[in-house]
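# Chain and residue survey
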Amino acid sequence: MSRDFSDLSEKELKDLNLLDINRRDFLKASFATASALGVSTLIDNVEPALAQSSTKLVWLSGAECAGCSISLLNAEEPSIVEAVTGVDGVSVDVAYHEVIGYQTGVKVDGESVDEDYNALKQFEDIVHGDEDYILVVEGAVQDKMDGNFLRIGGKPFIEHLDAAADNASLTVAVGACACWGGIPGAPNGHDVTGAKGLQFGVEENGELNKKKLGGYLGADYESGLGYPVVNVPGCPVSPEWIMPVVVAALLNRIPTPDAIGGWVDEYHRPLDMFGEIEHQSCTRRGEYGRGNFAETYSDDGCLWKLGCKAPVTYANCPEQQWHGHNTYCMESGGPCIGCTQPGFPEAFRPFNEPIEGLPSILGFDVGDFAKAGAVITAAGIGAHAIKRIAFGEKEEEE
Amino acid sequence: MSKEVVVDPLTRIEGHLKVRAEIDEDGNVVDGSPYSVGTLFRNFENIIKGHEPTDAIHISSRFCGVCYLAHATTSTRALEELYDVEPPKQGRLMRNIANGAQAIEDHAEIIYALWLPDLANPLYTDPDDGILAPFSGLRKELVNRFAAINDPNGPGESYLKAVQTRKEVAKVPGIINGMSPHPRTFQPGGISYVPKEADVSKFASVWQRAVDFVEKVALGRPNNPIPYTAWFDLAEEWAGSSTPLADILEWINGIEDQNGISGLGDVPLLLKYGALNALQGGPNLRMHRYGITNDLLLSYGCWEEWNDEPYLSPGVVDLQDPATITEPDPVDTSQIREDVKNSFYEDGTGGHPSSESTKPLTDLTDEDFETYQADKKYTWSKAPRYNGRPAEVGPLARMVIDDPTGLVPAIALRLHELGLSPVNTFTREVARFQNLMVLVPKVLEWVTMIDQSGNFYNEPDWEAGKNSEGLGMWEPPRGALLHYASTDSDGNIDKYQAVVPTTWNMSPRGADGKMGPYEQAVNSIGPKNGSLPETAENPVQIFHTIRSFDPCIACACHTIGPNGEKNKFETRRC
């Protein structure tokens with residue numbers, strides 16, 4: 001007979017501070033969720049910044065897999081079509097996008113063709129023009145070998161990025177690669193190509209540089225409106241993370257740069273989506289409370305023993321879910337691999353190793369796991385206790 | 001005096017591709033002038049090395065955000081050999097449903113979001129100067145249906161419906177895999193996902209939405225839908241005819257006579273005005289006259305089965321020997337080699353996937369990337385060869401080798417009889433649509449076989465993964481895919497290699513100096529072969545041709561570090 005551990009677990013975990021991460025105050029966070037799209041009211045203390053209609057979107061593809069672009073096509077609120085055709089007059093103009101845009105780069109005898117369908121001309125016109133644009137970057141920045149590991153239109157990608165970042169009203173990094181290097185930025189990738197994120201990157205020893213010196217654009221980079229790079233991580237990004245950021249920008253709902261600290265965390269992730277530990281609201285959380293752990297794949301129960309990284313990962317997957325609110329990794333039996341965290345993938349490998357067995361997590365970056373300092377407690381001081389709760393006590397009871 | 005055209009970035013594909021060619025005064029591509037250039041290198045496979053094998057499923061999935069499921073599946077299959085474990089039937093079934101639905105989604109995405117928007121190109125559709133200016137009905141249909149999302153005349157109606165439908169279908173792999181792109185539930189030995197009744201209900205309703213799109217947009221119109229089952233009846237009828245092309249045209253003419261051009265579904269519209277109208281001397285874009293490759297077609301065959309036969313069988317067709325269209329040769333993986341003569345890797349590092357050792361050049365700071373010579377290095381893609389020859393892979397190869405209705409082989413043979421190449425830009429799109437269609441009934445059949453009480457996962461003996469190796473093969477939308485993995489005495493990956501579809505297709509010239517499939521296909525463009533003259537400033541036939549291959553460059557440009565003592569797969573056959 002198995003004992004119900006829900007009370008004990010809750011209490012002990014509370015002592016460990018694991019659950020002492022307060023739910024964010026959504027009002028204070030001053031964030032536009034997608035459902036607020038139709039409400040074109042400006043919040044207080046925010047100066048109108050971007051035009052609300054047909055603001056241009058420039059989407060650059062660095063060292064990427066296009067997974068974030070494909071994920072964008074799965075957006076629900078708003079859908080990609082609604083975002084383009086507009087909601088109550090507010091819309092985005094996908095002015096440059098190499099995966100879905102109609103333009104293609106054409107040079108004849110070395111000269112860029114002077115036509116609107118020429119992607120090279122379109123790009124130059126936008127980034128050197130007077131109109132506002134939001135720059136979204138997908139993929140890592142590979143700056144070794146003078147940037148020649150990725151060339152576009154006869155130039156290293158980094159030259160396009162320099163030009164676009166210089167003039168952007170707001171710069172957004174989507175996906176793990178653009179945020180901090182992602183998989184191309186892992187050992188054997190970064191060392192060869194230099195792969196790193198826009199504002200965060202990798203130290204030569206392979207550890208994430210929490211002082212954000214490692215990013216290509218540098219620690220001091222600010223977009224035209226005075227913001228640092230807004231990081232919307234994930235591998236891929238969820239469309240329900242990128243769309244609300246674009247919508248918030250269009251509706252001028254992002255707080256002024258001096259107040260941005262209440263809106264993003266120390267890694268520049270919007271707190272609204274990345275402010276909470278996933279494990280907290282996991283649909284298998286009840287199983288955890290009862291001490292019911294999946295022992296192998298396709299089992300019921302909390303996926304902790306199968307290497308789930310949700311207890312050390314900030315993201316709202318369980319609440320927001322994916323694919324029209326139908327699922328997310330743990331719901332479908334897939335343990336979290338920490339893809340929204342700085343340090344992904346290296347800090348979370350082997351993916352099937354339970355978190356308390358990962359020295360890289362424990363020694364990784366104390367500041368990282370905790371705005372609240374809570375989970376580091378769980379991972380450090382609490383490792384023993386959690387192990388006891390998760391594995392030991394249940395077995396003893398049996 | 002010829003002009004040099006460089007298409008870069010070649011957009012509406014996955015990844016970073018440049019295509020270069022010279023075009024003469026008559027609008028012919030100058031023989032030998034095309035170069036296909038992969039412009040991104042990430043060193044992906046080395047990132048897998050030294051780690052737990054099951055990590056490879058998730059890292060290799062990120063080769064590509066379009067082919068993610070194919071890589072995860074192929075990696076999983078390689079690991080199943082490595083651990084010597086057999087997945088149970090229900091596990092295979094769920095992987096089939098996820099892959100089948102994703103392939104339907106992907107083919108729709110390629111056809112509508114990436115390929116068809118070129119039909120709205122102003123070169124065709126400008127009301128004053130466009131080639132189709134005299135045919136205002138056709139011109140308007142192309143723009144109104146197919147213009148891309150940010151086209152000044154778009155987005156088109158069919159485009160919008162396709163984008164909506166592909167999102168619906170993406171829910172199936174999404175639910176089975178936790179998220180899509182990049183599945184979380186595949187494991188050597190099966191899958192960690194167990195469907196709920198609500199999920200089965202979702203799969204069925206999403207399937208019906210896909211069928212609605214096929215019947216009311218692709219094949220018919222909303223007020224005159226054509227049942228997908230009717231297409232199979234027609235396809236089998238045409239396949240048995242001695243004049244399948246004329247029969248298809250007659251069917252389309254019948255619909256158009258009754259309902260007008262706006263009453264044609266997208267596929268009949270494309271079939272007639274892309275090429276078949278040539279049979280009656282009517283306006284058409286002559287897509288059957290370019291995009292020609294003339295070496296091999298290769299398919300590994302596909303779909304996990306619980307008996308011995310895959311749904312689509314593997315094979316090799318030699319385009320110099322048309323008898324192989326009727327009877328393809330078997331695939332022998334020992335015949336696969338990669339060559340690096342024209343690729344930015346150290347010379348002498350090519351070979352069979354289990355033994356090649358590849359090292360990227362890391363000192364290209366002074367390289368002139370804008371000149372093109374057949375004996376120099378010019379791309380990050382290697383040059384795969386089968387039995388020493390380039391091979392085209394993808395839906396056309398797959399469907400010529402095994403189309404359950406027989407239609408695509410019949411079209412190929414008929415074109416050959418007419419003295420035309422069976423492999424061209426037109427047949428590539430026909431085969432892509434047909435590939436989507438043959439999956440539609442199959443996915444529903446698989447959904448009806450779901451049994452939640454069954455077993456979904458057999459846990460491997462993890463010790464069996466030490467000093468071991470495995471080879472996985474699969475036929476994702478883009479074509480033949482192979483992963484090879486081997487492990488050291490600790491059970492960690494010491495070698496990982498993928499030979500992916502787009503590497504075959506975007507291959508540079510190899511040691512023999514022979515152009516790869518993209519290069520051959522672009523080389524065939526021009527009145528010399530009966531196509532429209534190409535315009536350097538807006539080389540739309542190059543766009544059609546390259547996009548008809550569905551390039552996926554991120555997959556194609558990667559490498560692996562040196563190793564390779566184990567080579568038992570040298571002689572493996574599939």
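Residues numbered from 1 in each chain as written. Chains lettered and ligands numbered in written order. Predicted model: local features only at pLDDT ≥ 70, side-chain atom pairs only at ≥ 80, totals over all residues.

### Looking at the overall build of chain B
Under the convention used in this document: Working definition: helices are DSSP H or I runs of at least four residues, strands are E runs of at least two. Numbering for both runs from the N terminus. Atoms considered for the radius of gyration are the C-alpha atoms alone. The globule rule reads 2.2 Å times the number of residues to the power 0.38. Counting other C-beta atoms within 10 Å of a residue's C-beta gives its exposure: the residue is buried at 20 or more, exposed at 12 or fewer, and partly exposed in between, where C-beta atoms are placed from the backbone. Note that contacts rest on C-beta atoms placed from the backbone: two residues are in contact if these are within 7 Å.
Within chain B, the secondary structure is distributed over 20 helices and 13 strands. Taken against the 2.2 N^0.38 rule, which gives 25 Å for 574 residues, the C-alpha radius of gyration of chain B at 23 Å falls within 12% of a compact globule. If you line up chain B on its principal axes, its C-alpha atoms span 70 × 60 × 45 Å. Here chain B holds 574 residues, and 64% of them are scored as buried. Long-range contacts, defined as pairs at least 24 residues apart, comprise 71% of the intrachain contacts of chain B with a sequence gap of at least 6.

### Here we look at the interface of chain B and chain A
Note the following rule: Residue polarity follows a fixed list, in which Ala, Val, Leu, Ile, Met, Phe, Trp, Tyr, Cys and Pro are nonpolar, Asp, Glu, Lys and Arg are charged, and the others, Gly among them, are polar. By this definition, two strands are paired if DSSP reports at least two bridges between them.
With 81 residues of chain B at the interface, the matching set in chain A holds 70 residues. When grouped by side-chain class, the residues that make up the side of chain B that touches chain A number 37 nonpolar, 24 polar and 20 charged. Of the strand pairs in this sheet, strand β3 (residues 106–108) of chain A and strand β1 (residues 3–7) of chain B are connected by three bridges, and their pairing is antiparallel. Looking at the pairing, Lys107 of chain A lines up with Val6 of chain B of β1 of chain B.

### Observations concerning the nonpolar core
Basically, it comes down to this: Remark: nonpolar core denotes a set of buried Ala, Val, Leu, Ile, Met, Phe, Trp, Tyr and Cys residues whose joining runs through C-beta atoms within 7 Å. The domain boundaries here were taken from an automatic or database domain assignment.
Core analysis: the largest hydrophobic core is formed by 288 residues, its most contacted members being Val58 and Leu135 of chain A together with Ile97 of chain B. Among the elements that line this core, the one with the most residues is helix α4 (residues 89–115) of chain B, at 14 residues. Domain assignment of the residues forming this core places at least three in each of domain 1 (6–16 + 276–397) and domain 2 (34–272) of chain A. Setting aside anything within four residues of it in sequence, one finds Ile97 of chain B in contact with Val172, Ile176, Phe203, Val443, Trp446 and Val447 of chain B.

### So, the domain arrangement of chain A
Reports of interface size often rely on the accessible area that becomes lost once the parts have come together. Residues and elements named next belong to chain A. Once the domains are mapped, chain A shows domain 1 (6–16 + 276–397) and domain 2 (34–272). Listed per partner, the contact involves 15 residues of domain 1 and 20 residues of domain 2. Taken together, the residues of the side of domain 1 that touches domain 2 sort by class into five nonpolar, six polar and four charged.

### A short note on the confidence of the model for chain B
All names here are of chain B. This is how it is decided: Scored between 0 and 100, pLDDT is the confidence that the predictor attaches to each residue.
Chain-level statistics for chain B give a pLDDT mean of 94 and a share of 97% at 70 or above. Predicted confidence is poor over residues 559–574, with pLDDT under 50, and the contacts of this stretch with residues over four places away or in other chains come to 49 contacts. Interface scoring of the predicted complex returns ipTM 0.95; its pTM is 0.90.

### Concerning the sheet that holds strand β9 (residues 230–232) of chain A
Residue and element names in this part refer to chain A. Heads up, the rule is: Fitted lines through C-alpha atoms serve as axes, helices being fitted only where they are in contact, and the angles separating the N-to-C directions of these axes extend from 0 to 180 degrees.
Strand order in the open sheet made by the five strands is β2-β1-β5-β8-β9, with parallel pairing throughout. Since the sheet does not close on itself, it has two edges, and those belong to β2 (92–97) and β9, each with one partner. Mean inter-strand twist for the sheet, computed between neighbouring axes without regard to direction, equals 25°. As defined by bridge partners, strand β5 (residues 133–138) adjoins strand β8 (residues 170–174) across five bridges and the pair is classed as parallel. Bridged to Glu138 within β8 is Val174. Contacting β1 (55–61), β2 and β5, helix α4 (residues 119–127) runs over the sheet at an angle of about 125° to β2. Taken strand by strand, helix α5 (residues 157–167) contacts β1, β5 and β8, and its axis lies near 155° from that of β1.

### Some words on the environment of Gly286 of chain A
Residues and elements named next belong to chain A. Within the secondary structure layout, Gly286 lies in helix α10 (residues 285–289). With 11 C-beta atoms packed within 10 Å, Gly286 lands in the exposed category. Between the C-alpha atoms of Gly286 and Cys302, which are 16 residues apart in sequence, the distance is 8.1 Å.

### Quick look at the pairing of β1 of chain B
Pairing geometry for β1 of chain B and strand β2 (residues 17–23) of chain B, over five bridges, is antiparallel. Note that in β2 of chain B the partner of Glu4 of chain B across the bridge is Glu22 of chain B.

### Overview of helix α11 (residues 244–259) of chain B
Residues and elements named next belong to chain B. Formally: Expected span of a helix: the number of residues minus one, times 1.5 Å. Comment: arc refers to directions from the helix axis out to C-beta atoms.
When the terminal C-alpha atoms of α11 are compared, their 23 Å separation across 16 residues agrees well with the 22 Å that a helix rising 1.5 Å per residue should span. Along α11, the positions that sit buried rather than exposed are Pro244, Leu245, Ile248, Leu249, Ile252 and Ile255. In an axial view of α11, the angular spread of the buried residues amounts to 135°, which keeps them on one side of the axis. Along α11, the residues that are exposed and aim more than 90 degrees away from the buried face are Gly254, Asp257 and Gln258. Buried residues in α11 make contact with α10 (228–239), α12 (266–274) and α15 (407–417). Just past α11, the residue Gly260 takes up positive phi, approximately 80°.

### Thoughts on α4 of chain A
For an α-helix, 3.6 residues make a turn, and residues three or four places apart therefore share a direction. Residue and element names in this part refer to chain A. Three or more residues of α4 are buried, namely Ala119, Leu120, Gln122, Phe123, Ile126 and Val127. Buried residues of α4, viewed axially, fall in a sector of 165°; they line one side. Looking at the buried residues of α4, the elements they touch are β1, β2, β4 (111–112), β5 and α5.

### A few points about the confidence of the model for chain A
Residue and element names in this part refer to chain A. For chain A, the average pLDDT comes to 79, and 74% of its residues sit at 70 or higher. Within the model, the stretch residues 1–48 combines pLDDT values under 50 with 91 contacts to residues more than four positions away or in other chains. The low-confidence segment residues 360–398, where pLDDT is below 50, has 63 contacts with residues more than four positions distant or belonging to other chains.

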